[in-house]
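# Structure assessment
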Amino acid sequence: MPGKQALAQADPVLKRIIDSIQEPFVESTRDVFFDLMSCVIEQQIHYRSTKNVFRKALETAGLPTLTPSNFHQLEARALPCLNLSLAKYETMAQILDFWREKTVAWSALTDAEVRRTLASIKGIGPWTIDMILLYTLQRPAVFPDSDFHVRQLMVRLYGLNPTSRLQAQMRAVAETWGEHKSLAVLYLLAWKESAKTFKKSYP
């Protein structure tokens, strides 16, 4: 794969990771509403979840998927059991209002347009938008520099200083990834999930 080869040539750290694990694959829902609600309810997009709070909530509500039209079932049957904050309820209400008022062709928008559109929904911040771009819309050049796990991994693997302008250091590394930033991030996260390799000090 061209992206895989380009990353291996550009970044010796990633080359070791690429050589040690299978290429990560994400089968996206392509459903921005569904994945946004996942991020709000679980504080994690369900592709990355280990607690499966969102999946269990859907099962409790008897829903195979979540849409604006059936959200009331989730709200009545499952949300009371989750002890969510008022801020989360307010954000979900904002998302519902947005979907009821607007129809957006997400795949036709540029990354910047997606960011502006989602940022217009109160309660949706940069990390959530990055998750939608990375996992749901599968854009190739997404670098979620506010993601805790990405930060943790890059400090460890690239020897970055966590106490001094960390995001700037991370972005400098990510610039070497060119238009394949998303694949690089997925490789880093996949390596972390590999318990056997993660126990080692270096892949």
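Use the structure listed above.
These notes cover the structure that comes with them. Here the structure is a predicted model, which means the values were calculated and not measured.

### Some details on the packing of aromatic side chains
Pairs of aromatic rings are described using the distance from one ring centre to the other and the angle between the two planes. According to the stated counting rule, one finds seven aromatic pairs in the structure shown. Ring geometry for Y47 and Y135: centres 5.5 Å apart, planes at 10°, overall stacked. Within this pair, whereas Y47 is found in the loop between helix 3 (32-42) and helix 4 (53-61), its partner Y135 is found in helix 8 (residues 126-136), the two being separated by 88 residues in sequence. On the basis of relative accessible area, Y135 is assigned to the buried category, the value being 4%. Geometrically, the ring pair formed by F143 and W177 is edge-to-face, given 5.7 Å between the ring centres and 80° between the ring planes. Here the residue F143 occupies a position in the loop between helix 8 and helix 9 (148-158), and W177 occupies one in the loop between helix 10 (166-175) and helix 11 (181-193), the gap between them amounting to 34 residues.

### Concerning the environment of W177
Overall, W177 belongs to the buried group, its relative accessible area being 2%. With 169 residues separating them in the primary sequence, W177 and A8 have C-alpha atoms 9.3 Å apart. Setting aside residues up to four positions removed in sequence, W177 forms contacts with L7, D11, L14, F143, M154, Y158, A184, V185 and L188.

Reading the values: rules and limits
Residues numbered from 1 in each chain as written. Predicted model: local features only at pLDDT ≥ 70, side-chain atom pairs only at ≥ 80, totals over all residues. Heavy atoms only, no water. Phe/Tyr/Trp six-rings, centres within 6.5 Å; stacked < 30°, edge-to-face > 60°. Helix = DSSP H or I, 4+ residues; strand = E, 2+ residues; numbered from the N terminus. Buried < 20%, exposed > 50% of the residue type's maximum accessible area, 1.4 Å probe, protein only. Contact = heavy atoms within 4.5 Å.

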